[in-house]
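Chain by chain, the residues run as shown.
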Amino acid sequence: MANVTSLKAWQSLLTRTEQAQQTPIKALFAQDEARFQKYSLQAQNILLDYSKNPVDDATLADLLALVKEVGLDNWRDRMFHGDRINATENRAVLHTALRNRSNTPVFLDGVNVMDAVNRELARIKNFVNAVRKGRWRGYSGKRITDVVNIGIGGSDLGPRMVTQALKPYADDRIRVHFVSNVDGVEIANTLRPLNPERVLFVVASKTFTTSETMTNAQTARNWLMSSAFDERAVAKHFVAVSSNEAAVKAFGIRPENSFQMWDWVGGRFSLWSAIGLPIALQLGFKQFEELLSGAHEMDLHFRDMPFERNAPVLLALMTLWNSTFLGRHSQVILPYDWPLQRFAAYLQQAEMESNGKSVDRVGERVPYTTGAVIWGQLGIDGQHAFYQYLHQSNTVVPADFIGSIESSTPVRGHHEKLMANFFAQTEALMNGISAEEVARELAGQGLSEQEIERLLPHKVHQGNRPTNTLLLKRLDPRTLGALIALYEHKIFVLGVIWNICSFDQWGVELGKTLAARILPELQQAQNEGRHDGSTENLIRYFKQQREKLKS
Ligand code: G6Q
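We now turn to the structure provided with this report. Remember, it's a predicted structure, so these values are computed and weren't measured experimentally. (Residues numbered from 1 in each chain as written. Predicted model: local features only at pLDDT ≥ 70, side-chain atom pairs only at ≥ 80, totals over all residues. Heavy atoms only, no water.)

## Describing the nonpolar core
Inference 1: Residues Leu66, Trp264, Phe343, Leu480 and Leu483 are the most contacted members of the largest nonpolar core, which totals 120 residues.
Inference 2: Take this core: its biggest share by element is 13 residues, from helix H22 (residues 477-498).
Inference 3: If sequence neighbours within four positions are ignored, Leu480 has contacts with Val162, Ala165, Leu166, Leu291, Leu340 and Leu475.
Inference 4: Of all hydrophobic cores here, the second largest spans 25 residues; its members include Ile150, Leu194, Ala220 and Phe238. (Core = buried A, V, L, I, M, F, W, Y, C linked by side-chain atoms within 4.5 Å. Buried < 20%, exposed > 50% of the residue type's maximum accessible area, 1.4 Å probe, protein only. Helix = DSSP H or I, 4+ residues; strand = E, 2+ residues; numbered from the N terminus. Contact = heavy atoms within 4.5 Å.)

## Regarding the sheet that holds strand S6 (residues 175-179)
Inference 1: Judged by pairing direction, the sheet is parallel, and its five strands sit side by side in the order S6-S5-S7-S8-S9 without closing on themselves. Since the sheet does not close on itself, it has two edges, and those belong to S6 and strand S9 (258-260), each with one partner. Taking the axes of each pair of neighbouring strands and ignoring which way they run, one obtains an average angle of 20° across the sheet.
Inference 2: Strand direction decides the pairing type here: strand S5 (residues 146-150) and S6, joined by five bridges, are parallel. The residue bridging Asp146 from the neighbouring strand is Arg175, located in S6.
Inference 3: Across the sheet, helix H10 (residues 211-228) lies against S5, S6, strand S7 (199-204) and strand S8 (238-242), angled at about 160° from S7, the strand it touches most. (Pairing = 2+ DSSP bridges. Axes fitted to C-alpha atoms, helices over the stretch in contact; angles between N-to-C directions.)

## Here's the deal with the packing of aromatic side chains
Any pair of aromatic rings gets described here by the distance separating the centres and the angle formed by the planes.
Inference 1: Under the definition given, this model contains 25 aromatic pairs.
Inference 2: Judged by centre distance (6.0 Å) and plane angle (75°), the rings of Phe401 and Phe422 are edge-to-face. Taken as a pair, Phe401 in strand S12 (residues 399-406) and Phe422 in helix H19 (residues 414-431) lie far apart in primary sequence, 21 residues in all. Each member of the pair Phe401 and Phe422 is classed as buried.
Inference 3: Members of the aromatic cluster, joined through ring pairs, are Tyr336, Trp375, Phe386, Tyr387, Phe401, Phe422 and Phe423.
Inference 4: The aromatic ring of Phe302 is capped on one face by Arg76, whose charged end is 5.7 Å from the ring centroid.
Inference 5: Seen from the ring of Trp75, Arg78 lies directly overhead, with NZ or CZ sitting 4.8 Å from the centre. (Phe/Tyr/Trp six-rings, centres within 6.5 Å; stacked < 30°, edge-to-face > 60°. Lys NZ or Arg CZ within 6 Å of the ring centre and 35° of its normal.)

## A few points about the site of the ligand
Inference 1: By nearness alone, 14 residues border the ligand, and Ser155, Ser205, Thr207, Thr210 and Glu353 come closest of all.
Inference 2: Within the contact set of the ligand, an oxygen atom lies 2.7 Å away from a side-chain nitrogen or oxygen of Ser155.
Inference 3: Between the ligand and Glu353 there is a distance of 3.0 Å, counted from an oxygen atom to a side-chain nitrogen or oxygen.
Inference 4: Across the complex, the protein chains shield 93% of the 400 Å² of accessible surface that the ligand would expose by itself. (Near = heavy atom within 4 Å. Polar contact = N/O pair within 3.5 Å; in protein donor to acceptor, adjacent residues only side chain to side chain. Areas by Shrake-Rupley, 256 points an atom, 1.4 Å probe, with all protein chains shown as cover.)

## Thoughts on the pattern of salt bridges
Inference 1: Tallying each qualifying case throughout the model produces 29 salt bridges.
Inference 2: With a closest N to O distance of 2.9 Å, Lys357 and Asp504 form a salt bridge. Residue Lys357 is located in the loop between helix H16 (343-355) and strand S11 (373-376), and its partner Asp504 is located in the loop between H22 and helix H23 (506-523); the two are separated by 147 residues in the primary sequence. As far as burial versus exposure is concerned, Lys357 and Asp504 are alike and both buried. (Salt bridge = Lys/Arg side-chain N within 4 Å of Asp/Glu carboxyl O.)

## Concerning the sheet that holds strand S2 (residues 46-49)
Inference 1: Strand order in the open sheet formed by six strands is S1-S2-S13-S12-S10-S11, with mixed pairing between adjacent strands. Taken across any chain shown, the strands that pair with only one partner, and hence form the sheet edges, are strand S1 (40-43) and S11. Across the sheet, the axes of successive neighbouring strands diverge by a mean angle of 20°, strand direction being ignored.
Inference 2: Looking at chain direction, S12 and strand S13 (residues 467-474) are connected through seven bridges and run parallel. If you follow Phe401 over to S13, its bridge partner there is Thr469.
Inference 3: Lying over the sheet, H16 contacts strand S10 (330-335), S11 and S12, oriented at roughly 175° with respect to S11.
Inference 4: Packed onto the sheet, H22 meets S2, S10, S12 and S13 and runs at close to 155° relative to S13.

## Description of the packing of helix H7 (residues 113-132) against helix H14 (residues 285-304)
Inference 1: Relative orientation of the contacting elements H7 and H14 amounts to 145°, with a least axis distance of 10 Å. Across from Leu121, Ile124, Lys125 and Val128 in H7, the residues of H14 making contact are Phe285, Phe288 and Leu292.
Inference 2: Grouping the amino acids of the contact of H7 with H14 by side-chain chemistry returns six nonpolar, no polar and one charged. (Nonpolar A, V, L, I, M, F, W, Y, C, P; charged D, E, K, R; others polar.)

## Notes on the pairing of S13
Inference 1: Here S13 lies mainly inside the structure; six of its eight residues are buried.
Inference 2: Two elements, S2 and S13, share four bridges in a ladder whose sense is antiparallel. Bridge pairing in S13 links Ile46 to Leu472.

## A look at the pairing of S7
A regular strand carries its side chains on alternate faces of the sheet.
Inference 1: Across the six residues of S7, six count as buried, placing the element largely inside the fold.
Inference 2: Alternating residues of S7 divide into Val199, Phe201 and Val203 and Leu200, Val202 and Ala204, and every residue in both groups is buried.
Inference 3: Direction of pairing for S5 relative to S7: parallel, over a ladder of five bridges. For Asn149, the partnering residue across the bridge sits in S7 and is Val202.
Inference 4: In this structure, S7 lies alongside S8, joined through four bridges in parallel fashion. Looking across to S8, one finds that Val202 is bridged to Val239.

Rendered as structure tokens:
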């Protein structure tokens, strides 16, 4: 592909940035009454309203022309068909096959991967039923009541987010817990109230070499042994999810207790595989299938809908426009659904690990900004914290507001109050409050002209803050599956436009090797490493102080 910046649509978009910055979004509504009808769409159980963005018909036409010029349809086909589009790791990208409920064949090197996917799903189903129905028992014959997932990054964030989000659909048979951090506090706190006879550990690691996970898994094993005193208990209390069979075996987990992952599933796209075991254990296999079905429906939408009615494409284009062209490099995710409290953290990895890159597919430095900084938390709590910044700081932060028409846990009188805030905020972020409005309000309160003049600049809200609104029917397994897949494909579309490889993560790999180099220095009395002046002295200080604290 030619350099994306030289494409006709890109060049045309550049000529539109000034006008977009100068025209308030609310003025666009005044010019075009049909904006909502034109700039919103329904995808499965999700309404996406992107009308509160600084786009008009001409800009949108250019943005849509750009996805055509970069050959998105071709890239999309290549992903679904199992081409090795993760070029730096020479891997296919087939998380869509994991939830391919239509079961159409997907060939990789001449082999239909659906056979392996279906085989593994059947194993997950059997295992989940055995645990949930009490046929699978601990070493002393007791039922399993608690599952502890040990994994980090892509082997943690997805299942952690989904089990939290879908708790209202769980029964009380199995409680799930997550340990990701190598800070011993997490595993100690998690295990303290649990009974080893009733705990099942899922060691989730694609590589089965990740230091945090292997350290926690070993600690968990020791904890079990301190109660069972018999190595054979491991078989009843440990299962693994990995693509490294040899390492799983070396840990002492039998092949029949090990679930497969494949190199064509990236960690941050893996919750649809056996990495989703905690989800299926908590909710039951049927609900897990619902989650897969929702994602599959979104895959079909992404694959089949024309770009101008394609939710992931449009969501991606709004981010592209706001960040790369208008220079708004951070984006906030604001769910108004309490169970989605980990959604921003999940998306932070999905987007930033995928698109936080600075060279293109052939290794040339790209001259534009890629991946936005993703952050956020529950919107209603944010209102009493950082929304001040969103409304009145000098930095414009585009926001995604996510809410539901029906609460998954209705409590009389609560949901309308929550949603009143939801609608009020996007309206206020766009409209702001003008000096005239403030002056009128203060005069109405009986303030003197002098007081009004003094307060006025502080109370004015510029507005013109772009937002997307995603309104779900209800946060159920199917809709959540669709919502996650919507964002996954958005990330893919952005990667295609930015011409970067969204599916590698060399920055993460770096972290995995760096600490391993320093660890022996912390374990030995002598400072042996060669580091920069700061790091070397910090390590020395740490070791000296540690000795003092011991004495
Ligand atoms: C995700 C990343 C990364 C990975 C973790 C855990 O896409 O590759 O977050 O998931 O580093 O890796 P393992 O599953 O191999 O332990």
